[in-house]
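The lines below spell out each chain.
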Amino acid sequence: MTAPLRSLGVPPNAWMVDAAIADITRSPLESRPITVPTETKTLRLDLAKTAILIIDMQNDFCHADGWLSHIGVDVTPTQTAIAPLQKLLPVLRQVRVPIVWVNWGNRPDLLNISAAALHVYNPTGDGVGLGDPLPANGAPVLMKGSWAAAVVDELEQKPEDICVDKYRMSGFWDTPLDSILKNLGRTTLLFAGVNVDQCVMATLQDANFLGYDCILLKDCSATTSPDYCWSATLYNVKQCFGFVTNSTEILQVIGK
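## What to know about the overall build of the protein
Reasoning step 1: The number of helices and strands found in the protein is eight helices and eleven strands.
Reasoning step 2: Expressed as a percentage of its 256 residues, the buried residues of the protein come to 47%.
Reasoning step 3: Here the protein has roughly 12700 Å² of accessible surface; of this, 55% comes from carbon and sulfur atoms.
Reasoning step 4: Each charge class in the protein was averaged separately, 19 positive and 26 negative side chains, and the resulting centres sit 10 Å apart.

## Here we look at the sheet that holds strand E10 (residues 213-221)
Reasoning step 1: Taken in spatial order, the six strands of this open sheet run E8-E7-E6-E9-E10-E11, and their pairing is parallel. What marks the edges here is a single partner per strand, and that holds for strand E8 (162-166) and strand E11 (243-245). On average, adjacent strands in this sheet sit at an angle of 25 degrees to one another, irrespective of strand direction.
Reasoning step 2: Two elements, strand E6 (residues 50-55) and strand E7 (residues 99-104), share four bridges in a ladder whose sense is parallel. Looking across to E7, one finds that Ile54 is bridged to Trp101.

## Overview of the sheet that holds strand E2 (residues 13-17)
Reasoning step 1: Strand order in the open sheet formed by three strands is E1-E2-E3, with antiparallel pairing between adjacent strands. Edge positions in the sheet fall to strand E1 (6-10) and strand E3 (22-23), since each has one partner strand and no second.
Reasoning step 2: By the bridge criterion, five bridges tie E1 to E2 in an arrangement that is antiparallel. Within E2, the residue paired with Val10 across the bridge is Asn13.

## Things to note about helix H8 (residues 247-254)
Reasoning step 1: All of the buried residues in H8 are Ser247, Ile250, Leu251 and Ile254. All buried residues of H8 fall inside an arc of 100 degrees around its axis, so they share one side.
Reasoning step 2: Its buried side turned inward, H8 meets strand E4 (33-37), helix H3 (82-94), strand E9 (188-193), E10 and E11.
Reasoning step 3: Count one or two residues on from H8 and you reach Gly255, which has phi positive near 95 degrees.

## Brief notes about the pairing of E2
Reasoning step 1: Following E1, the chain reverses through two residues before pairing antiparallel with E2.
Reasoning step 2: Pairing geometry for E2 and E3, over two bridges, is antiparallel. Its bridge partner being in E3, Val17 is matched across the sheet by Ala22.
Reasoning step 3: Linking E2 to E3, which pair antiparallel, is a turn of four residues.

## Structural notes on the packing of aromatic side chains
Reasoning step 1: Following the criterion strictly, the structure yields three aromatic pairs and no others.
Reasoning step 2: Between Trp67 and Tyr121 the ring centres are 4.9 Å apart and the planes differ by 70 degrees, which places this aromatic pair in the edge-to-face class. Of this pair, Trp67 sits in helix H2 (residues 67-70) while Tyr121 sits in helix H4 (residues 115-121); the two residues are 54 residues apart in sequence, bridging distant segments of the chain.
Reasoning step 3: According to the relative accessible area criterion, Tyr121 is partly exposed, its value standing at 26%.

About the thresholds
- Residues numbered from 1 in each chain as written.
- Predicted model: local features only at pLDDT ≥ 70, side-chain atom pairs only at ≥ 80, totals over all residues.
- Heavy atoms only, no water.
- Helix = DSSP H or I, 4+ residues; strand = E, 2+ residues; numbered from the N terminus.
- Buried < 20%, exposed > 50% of the residue type's maximum accessible area, 1.4 Å probe, protein only.
- Areas by Shrake-Rupley, 256 points an atom, 1.4 Å probe, with all protein chains shown as cover.
- Lys, Arg positive; Asp, Glu negative; His and termini not counted.
- Charge placed at Lys NZ, Arg CZ, Asp CG, Glu CD.
- Pairing = 2+ DSSP bridges.
- Axes fitted to C-alpha atoms, helices over the stretch in contact; angles between N-to-C directions.
- Arc of directions from axis to C-beta.
- Contact = heavy atoms within 4.5 Å.
- Phe/Tyr/Trp six-rings, centres within 6.5 Å; stacked < 30°, edge-to-face > 60°.

Below is the structure:
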């Protein structure tokens with residue numbers, strides 16, 4: 001009787017091996033196609049090849065005691081993305097779409113941060129910048145493991161979810177995000193989070209450059225920037241980098 005081959009790797013990017021054989025065909029995922037309307041075209045996509053990236057829904061960007069609020073930014077717009085995500089994420093988990101949280105999470109010594117990145121929100125050098133304690137609670141700004149860098153309480157993270165720390169506006173720059181998505185066999189990416197014209201857009205653009213199919217969920221995204229930044233982002237996504245739709249369209253198709 002021939003012993004079964006052993007799985008080596010993360011399915012679907014896994015080989016089947018023993019001492020004599022390496023089967024590198026990789027078992028395909030069972031296709032789960034759906035049809036979703038967007039603002040430009042109707043899409044046929046495969047849930048088995050889809051993941052959602054939720055970017056920077058963190059206290060420092062969305063909470064009244066967080067960093068942006070401290071430096072005078074009205075974070076109220078960022079909170080509009082919370083309710084749609086609360087409805088969408090449980091349904092995506094039910095249909096086995098990976099939930100990937102892509103968040104700022106800096107090293108305590110800031111050795112992963114350049115002077116240019118530090119300058120963005122602390123241009124004079126004497127303000128509260130990356131790694132500095134917040135006056136409201138002492139949490140170090142966007143430091144991994146701190147309250148400041150944590151996802152807002154209103155959005156539940158599950159043990160099966162995937163967390164990726166980033167150190168630039170793009171979630172693909174100097175992170176394992178691309179490797180993780182390739183191991184999961186995910187080529188279609190839903191995008192959500194804040195700010196849509198900054199970190200969300202930078203990550204979406206890099207995803208497009210890497211060959212991923214990109215879909216921005218408009219109701220699950222937000223920005224504290226002026227309205228023209230929002231409009232320009234939507235225009236550029238539709239014109240150059242992917243598609244735009246709402247989570248309600250996906251929920252309706254899935255039947256939830």
